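Residue-level listing of the chains:
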Amino acid sequence: MRGILRLLMVAAAIAGGGAQAHEMSMAEMQVRETAPGEFIWQWTASEKRAADEVLAPTWPEGCTADGLNLHCGKSGLTGTLTMEGVGRQYSAALVKVFWIDGQTSVYTLTAGQPSVQLFGSAQDRRGMGEIARAYTLLGVEHILAGIDHLMFVIGLLFLVGFRRQLLWTITAFTAAHSLTLGMSALGWLQLRPPPVEATIALSIVLVACEALRPSRAGHVGGHVGKGDDGDTLARRWPALVAFLFGLVHGLGFAGALREIGLPENHLLVALLTFNVGVEIGQLMTLGACWALWRVAGRWSWTGRLRTALLYLIGSAAAYWSWLRIAAIVG
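Residues numbered from 1 in each chain as written. Predicted model: local features only at pLDDT ≥ 70, side-chain atom pairs only at ≥ 80, totals over all residues. Heavy atoms only, no water.

Focus: the environment of Ser105
Part 1 of the argument: When you line up the elements, Ser105 lands in strand S8 (residues 104-110).
Part 2 of the argument: Separated by 13 residues in the primary sequence, Ser105 and Leu118 have C-alpha atoms spaced 9.6 Å apart.
Part 3 of the argument: When neighbours within four sequence positions are excluded, Ser105 is seen to be in contact with Val95, Lys96, Val97, Trp99, Ser121 and Ala122.
Part 4 of the argument: A distance of 2.9 Å separates the side chain of Ser105 from the side chain of Trp99, its partner in a polar contact. (Helix = DSSP H or I, 4+ residues; strand = E, 2+ residues; numbered from the N terminus. Contact = heavy atoms within 4.5 Å. Polar contact = N/O pair within 3.5 Å; in protein donor to acceptor, adjacent residues only side chain to side chain.)

Looking at the state of the cysteines
Part 1 of the argument: With the rule as written, the count across this model stands at 1 disulfide.
Part 2 of the argument: Shown here is the disulfide that connects Cys63 with Cys72, its sulfur atoms set 2.2 Å apart. Sign of the S-S torsion, about 115° for the bond between Cys63 and Cys72, identifies this disulfide as right-handed.
Part 3 of the argument: Classification of Cys72 by relative accessible area gives buried; the value is 3%. (Disulfide = S-S within 2.5 Å. Buried < 20%, exposed > 50% of the residue type's maximum accessible area, 1.4 Å probe, protein only.)

Some thoughts on the nonpolar core
Part 1 of the argument: If you look at the biggest cluster of nonpolar residues, it comprises 29 residues, and the most contacted ones within it are Met151, Phe152, Leu156, Ile170, Ile204, Ile313 and Trp320.
Part 2 of the argument: Going through the elements one at a time, helix H4 (147-160), helix H5 (164-185), helix H6 (193-212), helix H8 (238-260), helix H9 (267-296) and helix H10 (302-329) are the ones with two or more residues in this core.
Part 3 of the argument: Sort the elements by how many residues they give to this core and H4 lands first, with 8 residues.
Part 4 of the argument: With residues near it in sequence (within four places) discarded, Ile313 still touches Met151, Ile154, Phe158, Ile204 and Ala208.
Part 5 of the argument: Val31, Leu77, Leu81 and Trp99 belong to the second largest nonpolar core, which has 26 residues in total. (Core = buried A, V, L, I, M, F, W, Y, C linked by side-chain atoms within 4.5 Å.)

Re the sheet that holds strand S9 (residues 115-119)
Part 1 of the argument: Spatial ordering of the open sheet is given by S3-S6-S9, a layout of 3 strands whose pairing is antiparallel. For this open sheet the edge positions go to strand S3 (56-58) and S9, each flanked by a neighbour on one side alone. For this sheet the average axis-to-axis angle between neighbouring strands, irrespective of direction, equals 25°.
Part 2 of the argument: Alignment of strand S6 (residues 78-84) against S9, held across 5 bridges, turns out to be antiparallel. Directly across from Thr82, in S9, lies its bridge partner Ser115. (Pairing = 2+ DSSP bridges. Axes fitted to C-alpha atoms, helices over the stretch in contact; angles between N-to-C directions.)

Details of the pairing of strand S1 (residues 26-35)
Part 1 of the argument: Burial within S1 is extensive, with 7 of its 10 residues counted as buried.
Part 2 of the argument: As defined by bridge partners, S1 adjoins strand S7 (residues 92-98) across 7 bridges and the pair is classed as parallel. Bridge pairing in S7 places Met29 opposite Val95.

Re the pattern of salt bridges
Part 1 of the argument: In total, this model carries 3 salt bridges according to the counting rule given.
Part 2 of the argument: Of the charged contacts in the structure, one is a salt bridge between Lys96 and Glu28, with a shortest N-O distance of 3.8 Å. In this pair, Lys96 sits in strand S7 while Glu28 sits in strand S1, placing the two residues 68 residues apart along the sequence.
Part 3 of the argument: A salt bridge links Arg324 to Asp148; the nearest nitrogen and oxygen atoms lie 3.2 Å apart. (Salt bridge = Lys/Arg side-chain N within 4 Å of Asp/Glu carboxyl O.)

Considering the packing of aromatic side chains
Part 1 of the argument: Under the criterion given, the structure shown has 5 aromatic pairs.
Part 2 of the argument: Relative to Trp99, the ring of Phe39 lies with its centre 6.1 Å away and its plane at 85°, an arrangement referred to as edge-to-face. Here the residue Phe39 occupies a position in strand S2 (residues 38-46), and Trp99 occupies one in the loop between S7 and S8, the gap between them amounting to 60 residues. Here the two residues Phe39 and Trp99 agree in accessibility, since each one is buried. (Phe/Tyr/Trp six-rings, centres within 6.5 Å; stacked < 30°, edge-to-face > 60°.)

Here we look at the packing of H4 against H8
Part 1 of the argument: Two numbers describe how H4 lies on H8: the axes approach to 11 Å, and their chain directions differ by 175°. In terms of axis orientation, H4 runs roughly antiparallel to H8. Here H4 contributes Asp148, His149, Phe152, Leu156, Leu159 and Val160 to the contact with H8, which in turn contributes Pro238, Ala242, Phe245, His249, Gly252 and Phe253.
Part 2 of the argument: In terms of residue class, the contact of H4 with H8 is built from 8 nonpolar, 3 polar and 1 charged. (Parallel < 35°, antiparallel > 145°, perpendicular 65-115°, else oblique. Nonpolar A, V, L, I, M, F, W, Y, C, P; charged D, E, K, R; others polar.)

What follows is the structure, given as structure tokens:
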């Protein structure tokens, strides 16, 4: 009983994440070059506590900060920029540099990558390996911070169980979100974020409800045979449902990737490795769930814990759905 009470407390905390549960919490900094080697910088947007209270930039050697003025001399803004405190109040710091020639650079700093190399201009001189490593880590961090995407995957797990059918279901979800992530990131498919966010939340509600509802076979979340014609589409063909909703989740991933920014140099490598990072984070989640299942399966109250977790997931997702739909109609 104490475990279930703790879960309800966690549900309240998760629901407090509100309509933006799938996004990284970001603080945005702008750095503007006003003359060769001379810059003005400021924090322009933050979602929580004032960014300058919890984040502190360490500028490249050769640059001297005087309040909001930054003097870099003839070498310009060249070297390593480090963001102290990232990963605590904010999961990421977005640094936008507006160069004097009119070009713009965007850098994303996270707890896993608190530093970035600057080259004095918008030209990105990072090699393929460095970009691949950076965007793989960004993908892992995004999926692990994206509560609603993880809830959907866990909901699928509860619906299908640790059976062979789970492999096809997760593969379908992966294929679908990879498709729309790539299409959206390359500009081939664009949808407004509010309907995408609302549909993502509703997809979690549907999967949680289906996992809670006993099948005609007389059990919950187990394998459904061919003879269970009275079961819903989600139970008979979970891979198809995962694919259809995966198309929408991919658009959610793409929205985060647009905020992070893609490099002009090795763009396809960045896109591919970001998606690989998302898959690594997804597999890490499934691996952790499998380990917990192996341990908890020995105890008699596992069934009650499963039900409590599904109610937690469904309730939080229903709350997000209400907020997101209200934002659309409002």
